[in-house]
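Residue-level listing of the chains:
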Amino acid sequence: MIEEPVFIGEREISVAAIAAEAQHHPAPSAEAAWTAAARALAVRQLLLDEAERLEIAGEGLTDAEGRQLADEDARIEALLAREVQTPQADEATCRRFFALHPDRFRTPPLVEAAHILIAADPADDLAMGLATGDARTLIRQLQADPSRFSELARSKSACPSREQGGNLGQVQPGQMVRPFEEALFAMEPESLCPNPVRTRFGVHVIRAGRRADGRALPFEAVHQAIADYLEEASYRRALSQYIAILAGRADVRGVDLGVVDGQLVQ
């Protein structure tokens with residue numbers, strides 16, 4: 001990776017400044033973090049230069065918690081408040097969005113879950129094979145006598161839930177690791193998964209209890225959330241377009257700001 005300074009016109013953003021900023025941009029690689037930091041500092045400088053050109057000051061501005069903003073941050077806030085304005089989302093717009101995306105506005109499904117965990121390292125093929133064999137034995141025992149689930153969980157499970165007979169309570173999507181969740185939500189209520197389920201924790205024997213499917217929420221319950229979402233999306237588009245305009249006017253060197261069709265590509 002070649003580390004080089006960024007220039008906005010004649011203003012230099014040094015390699016040291018970009019390296020320091022990169023610490024605040026977690027990324028899959030050092031190069032990606034560097035690029036994100038360089039872009040962030042370039043955009044900040046574009047905004048500061050425009051605030052200076054328009055003679056915008058930001059004295060007295062505070063953050064959401066009432067703390068006074070630093071001078072540069074206050075000037076950027078004042079600039080954006082003046083130059084980037086978007087309309088509020090009216091009720092008709094919110095209702096259209098609600099009608100077009102009904103699946104977004106449902107309570108999540110819930111399934112009562114219980115399991116027995118046979119702990120094993122997924123990187124150890126032998127250990128996982130033995131754990132899978134143990135899980136298959138447990139499944140056969142439970143198929144013969146389902147009433148033994150709590151007993152076997154207490155004596156065999158490596159999960160703290162063994163103290164509750166393997167009971168995990170009500171589970172909704174996003175709470176469990178993916179293989180476990182995919183198996184659980186594919187099961188019929190009050191059933192035992194016929195196959196062991198492998199995850200990064202080992203091998204699971206899974207039982208599904210009662211299921212409550214998600215229900216549609218009324219518009220009134222989500223009206224404000226929709227309005228907030230639409231207004232935030234509108235603001236982000238407008239901000240992207242505004243920064244793209246500033247970048248188009250400036251001589252930016254050392255970083256690609258990713259301007260496509262008049263907008264920044266995030």
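Residues numbered from 1 in each chain as written. Predicted model: local features only at pLDDT ≥ 70, side-chain atom pairs only at ≥ 80, totals over all residues. Heavy atoms only, no water.

## Observations regarding the overall build of the protein
Reasoning step 1: In terms of helices and strands, the protein carries eight helices and ten strands.
Reasoning step 2: The C-alpha atoms of the protein give 28 Å as radius of gyration, which overshoots the globular expectation for 266 residues (18 Å, by more than 25%).
Reasoning step 3: Across its three principal directions, the C-alpha atoms of the protein cover 80 × 50 × 35 Å.
Reasoning step 4: Looking at the protein as a whole, 35% of its 266 residues are labelled buried.
Reasoning step 5: Counting every atom, the protein has about 16000 Å² of accessible surface; 49% of that belongs to carbon and sulfur.
Reasoning step 6: Here the protein contributes 28 positive and 41 negative side-chain charges, whose respective centroids are spaced 9 Å apart. (Helix = DSSP H or I, 4+ residues; strand = E, 2+ residues; numbered from the N terminus. Rg over C-alpha atoms; globule rule 2.2 N^0.38 Å. Buried < 20%, exposed > 50% of the residue type's maximum accessible area, 1.4 Å probe, protein only. Areas by Shrake-Rupley, 256 points an atom, 1.4 Å probe, with all protein chains shown as cover. Lys, Arg positive; Asp, Glu negative; His and termini not counted. Charge placed at Lys NZ, Arg CZ, Asp CG, Glu CD.)

## With respect to the nonpolar core
Reasoning step 1: Grouped together as the largest cluster of nonpolar side chains are 29 residues, with contacts concentrated most on Val6, Ile18, Leu47, Tyr242 and Leu257.
Reasoning step 2: Contributing elements (two or more residues each) for this core: strand S1 (6-8), helix H1 (15-22), helix H2 (30-53), helix H3 (71-83) and helix H8 (219-249).
Reasoning step 3: Among the elements that line this core, the one with the most residues is H2, at eleven residues. (Core = buried A, V, L, I, M, F, W, Y, C linked by side-chain atoms within 4.5 Å.)

## Describing the sheet that holds S1
Reasoning step 1: Strand order in the open sheet formed by three strands is S2-S1-S8, with antiparallel pairing between adjacent strands. Each edge of the open sheet carries a strand with a single partner, namely strand S2 (11-13) and strand S8 (252-253).
Reasoning step 2: Pairing between S1 and S2: three bridges, direction antiparallel. What sits directly across from Val6, in S2, is Ile13. (Pairing = 2+ DSSP bridges.)

## A few points about the pattern of salt bridges
Reasoning step 1: Scanning the model with the defined rule gives 16 salt bridges in all.
Reasoning step 2: Taking the shortest distance from any N to any O, the salt bridge between Glu52 and Arg11 comes out at 3.0 Å. On the criterion of sequence distance, the pair formed by Glu52 in helix H2 and Arg11 in strand S2 is long-range, its members being 41 residues apart.
Reasoning step 3: What makes Glu52 partly exposed here is its relative accessible area of 45%.
Reasoning step 4: Three or more residues joined by partner-sharing salt bridges are found here, namely Arg11, Asp49 and Glu52. (Salt bridge = Lys/Arg side-chain N within 4 Å of Asp/Glu carboxyl O.)

## Focus on the side chain of Thr132
Reasoning step 1: Tracing the chain through its elements places Thr132 in helix H5 (residues 125-144).
Reasoning step 2: Once residues within four sequence positions are removed from consideration, Thr132 is found in contact with Pro196, Arg198 and Val203. (Contact = heavy atoms within 4.5 Å.)

## Some remarks on the pairing of strand S3 (residues 110-119)
Reasoning step 1: Of all the ten residues making up S3, seven are buried; the element is thus mostly covered by neighbouring parts of the structure.
Reasoning step 2: In this sheet, strand S7 (residues 202-212) lies alongside S3 in antiparallel orientation, the contact comprising nine bridges. Bridge assignment links Ile116 to a residue of S7, and that residue is Val205.
Reasoning step 3: Alignment of S3 against strand S4 (residues 167-171), held across four bridges, turns out to be antiparallel. Paired with Ala113 across the two strands is Gly169, which belongs to S4.

## Side note on the packing of H2 against H3
Reasoning step 1: With their axes 9 Å apart at the nearest point, H2 and H3 run at an angle of 75° to one another. Our classification of the angle between H2 and H3 gives roughly perpendicular. Along its contact with H2, which presents Arg44, Leu47, Leu48, Glu50, Ala51 and Glu52, the element H3 presents Glu72, Asp73, Arg75, Ile76, Leu79 and Leu80.
Reasoning step 2: Looking at the contact of H2 with H3, its residues break down into six nonpolar, no polar and six charged. (Axes fitted to C-alpha atoms, helices over the stretch in contact; angles between N-to-C directions. Parallel < 35°, antiparallel > 145°, perpendicular 65-115°, else oblique. Nonpolar A, V, L, I, M, F, W, Y, C, P; charged D, E, K, R; others polar.)

## Observations regarding the packing of H1 against H2
In helix packing, the relevant descriptors are the interaxial angle and the interaxial distance, both defined with respect to the helix axes.
Reasoning step 1: At a minimum axis distance of 8 Å, the contact between H1 and H2 shows a crossing angle of 110°. As far as their axial angle goes, H2 and H1 are roughly perpendicular. The chirality of how H1 crosses H2 is right-handed. Contacts from Val15, Ala17, Ile18, Ala19, Glu21 and Ala22 of H1 reach H2 at Ala33, Trp34, Ala37, Ala38, Ala40 and Leu41. (Left-handed = near helix turned anticlockwise from the far one by under 90°.)

## What to know about the packing of aromatic side chains
Reasoning step 1: Tallied over the entire structure, the rule returns four aromatic pairs.
Reasoning step 2: Where Phe97 meets Phe105, the ring centres are 6.3 Å apart and the plane angle is 65°; that geometry is what we call edge-to-face. Comparing Phe97 with Phe105, the two get one shared label, buried.
Reasoning step 3: With centroids separated by 5.5 Å and ring planes inclined at 45°, the aromatic side chains of Phe97 and Tyr229 adopt a geometry described as tilted. Taken together, the residues Phe97 in helix H4 (residues 91-100) and Tyr229 in helix H8 connect sequence positions 132 residues apart.
Reasoning step 4: Members of the aromatic cluster, joined through ring pairs, are Phe97, Phe98, Phe105, Phe219 and Tyr229.
Reasoning step 5: Over the ring of Phe149 we find Arg207; its NZ or CZ atom is 4.4 Å from the centre of that ring. (Phe/Tyr/Trp six-rings, centres within 6.5 Å; stacked < 30°, edge-to-face > 60°. Lys NZ or Arg CZ within 6 Å of the ring centre and 35° of its normal.)

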